[in-house]
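Summary of the model geometry
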Amino acid sequence: MESFLNWEYMPLIPPLLTLILVVVTRKVGISLGAGIITSAFVIANGQIGEFFTLVVDSFLAIFIEDGGLNTWNAYILIFLTLLGIMTAFMNMSGGARAFTNWALTKVKSRRGAGLMTGMLGIIVFIDDYFSALIVGQVAKPITDKYKISRAKLAYLVDTTASPVAVMSPVSSWGAGIMGLTAPLLIGAGMTHISPFQSFMYMIPMNFYVIAAIVMMFIVIIFKFDIGPMRKQEELAINEGILRDKVPEFAEQDEDLPVHEGSSASALIVPIAGLALTVIVAMYITGAMEGGDWSVFTVMENTLITHALLIGGIAGLVLTLVYYFKQTKNDNDFSGRHILLGIKTGFLAMFPAMMVLTFAWMIGGLISQLGTGELLGAMVENSNLPVVLLPAVIFIVACIMALATGTSWGSFGILIPVAGEIIISLDATELLLPSVAAVLAGAVFGDHCSPISDSTILSSTGSGSDHIVHVMTQLPYALISALIGLAGFIILGITTSVLWALAGVFGGLLVVFVIVKFMYRPVAKQNA
């Protein structure tokens, strides 16, 4: 048993088992639980006492760090609770219904509702968590009215969360990526390029993100619904079923009373107040941590979870102000409805908080297993032709982020490894393409991983069952990844970004032609 547990490739088994169970059982709780157990068992080398200690410690580590509160995780859970309670009270105040009625005067079709959601996600580029939760909350009433499935909404939200944040220099991602790239530029003797310039150079090399966003607009405009997504859209269009009723994520707001005659401001003002407070708090916390008020210093040091918590409190206060203003003369509302709103909001978010907790536990254990380091070492020892390195690094980053559920973990491991390989081979012309390949592959893996926190938050904000979201998004992500891979192969061979982009858009053109002339969209059946 001990020799088996010490097998060289054993660190790959627990994450692989988790992914297989997710696909086979479609039960995220069972799958993550199995991953936690197997990971802890392998790390403990089969010792039962140490196994239980590891499981308990992995849970406690979510909330306790260096003897104090782990504010990152705790504040995300608190923010989710605040957002759930906000949603419940915005529904009861009638703000959500009034906003929907107002928005329907501006958005006239399913296509318009999809385009509004996609554009809103691109505009809210400041942070992936913030985008994933807020865009879904704002768009949901409108997409529901036009019978767009929650799975489709979650796909639109997720495609414009991490992918947009990773391409924006003034986001919580941009500054961190520049920080990881800076030492490589020095090591490669490329001191004439600043970290900011290198980031800007890498934007057109992020072929997966470019393909994924263009693919999203093809899906919206041409109603390109394939695989499991087609089933979800057929249910939504022909039966009015917007989401699979899965007990893990059952809706919790169906029995809430709704005030009649409210205004759209009961939703717009709290959401706008939340968004504005988050942005201001991000700037202030970043400046306080970095000791400088410059934008890039702020973004590099911003405390996003602190900002989300402060914004959540501000948004809830504004929501309650409108709730009491709208319902004070409504005899259908009493003191017990306040407790009902709090209870309903908490219960609506509780399943997502449980999944996040399990995902954080397995993420920590997989980190101890050394899965990422093993994959990095495999690349380092591969002795592949230099021209293929960007493509190979992209594939490894895809696998690593898919298995570990984290883009940043993949960045932290693979960017230094990629840089070390390129510098040792004196192929500095491929340094930025290789780093871009890490960024693109990590976002793909994070995009598709059932244990990714941003993917969990996208399904939460959109009110979609989590596993349904993962499975319906996967075909589009895979197509975009294949197109992105072709781009990295061309880039490695030619070192020309223009030729690589031509290959990427050539692949997207093929998809467009197939969709336009061969694909038949879901049609509404006559009763």
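One can find the structure itself at the top, above this paragraph.
About the thresholds
Chains are numbered independently. Their residues run from 1 in the order of the written sequence. Local features in a predicted model are, by the rule used here, given only for residues with pLDDT of at least 70; side-chain atom pairs are given and counted only at 80 or more, and totals for whole chains, interfaces and linings are based on all residues. As a rule here, side-chain values come from all non-hydrogen atoms in the structure, and water together with hydrogens is ignored. By the criteria applied, helices consist of DSSP H or I runs no shorter than four residues and strands consist of E runs no shorter than two, each listed in order from the N terminus. Here the globule rule is a power law, 2.2 Å times the number of residues to the power 0.38, and the radius of gyration is based on C-alpha atoms. Per-residue accessibility, obtained with a 1.4 Å probe over protein chains only, is compared with the maximum for each type, and a residue is labelled buried under 20%, exposed over 50%, and partly exposed between these values. All accessible-area figures derive from a Shrake-Rupley calculation using a 1.4 Å probe, and residue coverage is judged against the displayed protein chains alone. Charge counting treats Lys and Arg as positive and Asp and Glu as negative, with His and both chain ends excluded. A charge is said to be at NZ when it belongs to Lys, at CZ for Arg, at CG for Asp and at CD for Glu. Think of a salt bridge as a Lys or Arg side-chain nitrogen and an Asp or Glu carboxyl oxygen that are within 4 Å of each other. Here, a disulfide means two cysteine sulfur atoms that sit within 2.5 Å of each other. Think of a nonpolar core as a cluster: buried Ala, Val, Leu, Ile, Met, Phe, Trp, Tyr and Cys residues, connected wherever their side-chain atoms sit within 4.5 Å. Residue contacts follow a heavy-atom distance rule, with two residues in contact if any of their heavy atoms lie within 4.5 Å. Without a salt bridge and with relative accessible area above 30%, a residue can belong to a patch; like charges are then joined within 9 Å and nonpolar side chains (Val, Leu, Ile, Met, Phe, Trp, Tyr) within 5 Å. Lines fitted to the C-alpha atoms define the axes, with helices restricted to the stretch that makes contact. Angles between their N-to-C directions range from 0 to 180 degrees. Angular relationships are summarised with four words: roughly parallel below 35 degrees, roughly antiparallel beyond 145, roughly perpendicular across 65 to 115, and oblique for the angles in between. For a crossing to be left-handed, the near helix must be turned anticlockwise from the far one by less than a right angle; the clockwise case is right-handed. In the scheme used here, Gly and all other residues not listed as nonpolar or charged are polar, with Ala, Val, Leu, Ile, Met, Phe, Trp, Tyr, Cys and Pro taken as nonpolar and Asp, Glu, Lys and Arg as charged. For this analysis, a ring pair means two rings from Phe, Tyr or Trp (six-membered ring only for Trp) whose centres lie within 6.5 Å, classed as stacked if their planes differ by under 30 degrees, edge-to-face if by over 60, and tilted for the remaining angles.

**Let's talk about the overall build of the chain**
- Secondary structure summary: the chain contains 25 helices and 2 strands in total.
- Its C-alpha radius of gyration of 23 Å places the chain within 12% of the 24 Å reference for a compact globule of 527 residues.
- Burial status across the chain gives 56% buried among its 527 residues.
- Accessible area of the chain: about 21300 Å², with a carbon and sulfur share of 67%.
- Side-chain charges of the chain comprise 24 positive and 34 negative groups, with the mean position of each set lying 21 Å from the other.

**Description of unusual backbone geometry**
- The phi dihedral of Asn 45 falls on the positive side, at around 60 degrees, and the residue is not glycine.
- Relative to the assigned elements, Asn 45 resides in the loop between helix H3 (28-43) and helix H4 (48-63).
- Even without being glycine, Lys 223 reaches a positive phi, approximately 55 degrees.
- With respect to the helices and strands, the residue Lys 223 is situated in the loop between helix H13 (207-222) and helix H14 (228-239).

**As for the pattern of salt bridges**
- In total, this model carries 6 salt bridges according to the counting rule given.
- The residue Glu 233 makes a salt bridge to Arg 110 at a minimum N-O spacing of 2.8 Å. Linking Glu 233 in helix H14 with Arg 110 in helix H7 (residues 110-123), this pair joins segments that are 123 residues apart in sequence.
- Where Asp 225 meets Lys 152, a salt bridge forms, and the shortest distance between an N and an O atom there is 2.9 Å. Of this pair, Asp 225 sits in the loop between H13 and H14 while Lys 152 sits in helix H9 (residues 150-159); the two residues are 73 residues apart in sequence, bridging distant segments of the chain. In this structure, Asp 225 and Lys 152 share a single accessibility class: buried.

**Some thoughts on the state of the cysteines**
- Tallied over the full model, the rule gives 0 disulfides.
- Left without a disulfide partner, Cys 398 is nearest to the cysteine sulfur of Cys 448, which lies 8.2 Å away.
- According to the relative accessible area criterion, Cys 398 is buried, its value standing at 8%.

**Thoughts on the environment of Leu 474**
- Note on placement: Leu 474 falls in helix H24 (residues 466-494).
- Judged by relative accessible area, which is 26%, Leu 474 ranks as partly exposed.
- In this structure the C-alpha to C-alpha distance between Leu 474 and Leu 82, which are 392 residues apart in sequence, comes to 30 Å.

**A short note on the nonpolar core**
- One finds Val 166, Tyr 208, Phe 224, Phe 394, Phe 411 and Phe 488 to be the most contacted residues of the largest nonpolar core, which totals 82 residues.
- With 13 residues, H13 is the single largest residue contributor to this core.
- Contact partners of Phe 488, with chain neighbours within four places excluded, come to Met 205, Phe 207, Pro 390, Ala 391, Phe 394, Pro 433, Ala 436, Ala 437 and Ala 440.

**Comments concerning a nonpolar patch on the surface**
- On the surface, a cluster of nonpolar side chains totalling about 930 Å² of accessible area is made up of Phe 196, Met 200, Leu 276, Val 280, Tyr 283, Ile 284, Met 288, Trp 293, Val 295 and Phe 296.
- Among the elements that line the nonpolar patch, the one with the most residues is helix H15 (residues 265-290), at 5 residues.
- As for its position among the elements, Val 295 is in helix H16 (residues 295-301).

**Some remarks on the packing of helix H21 (residues 407-424) against helix H22 (residues 431-448)**
- Close contact between H21 and H22 brings their axes to 9 Å; oriented N to C, the two are set at 155 degrees. With respect to each other, H21 and H22 are oriented roughly antiparallel. Here H21 runs over H22; the crossing is right-handed. Between H21 and H22, the contacting residues are Ser 407, Ser 410, Phe 411, Leu 414, Ile 415, Ala 418, Gly 419 and Ile 422 on the first element and Leu 431, Ser 434, Val 435, Val 438, Leu 439, Ala 442, Val 443 and Asp 446 on the second.
- Across the contact of H21 with H22, the residue classes break down as 11 nonpolar, 4 polar and 1 charged.

**With respect to the packing of aromatic side chains**
- Under the criterion given, the structure shown has 17 aromatic pairs.
- Considering the side-chain rings of Phe 99 and Trp 102, the 5.8 Å spacing of their centres and the 35 degrees angle between planes classify their relative orientation as tilted. Residue Phe 99 and its partner Trp 102 are located together in helix H6 (residues 95-103), separated by 3 residues, close to a single helical turn.
- Residue classification places Phe 99 among the buried residues on the basis of a relative accessible area of 6%.
- Classification of Trp 102 by relative accessible area gives partly exposed; the value is 42%.
- An angle of 70 degrees between the planes, with centres 5.4 Å apart, marks the rings of Phe 222 and Phe 512 as edge-to-face. With Phe 222 in helix H13 and Phe 512 in helix H25 (residues 497-517), this residue pair connects regions lying 290 residues apart in the sequence.
- By relative accessible area, Phe 222 is classed as partly exposed at 25%.

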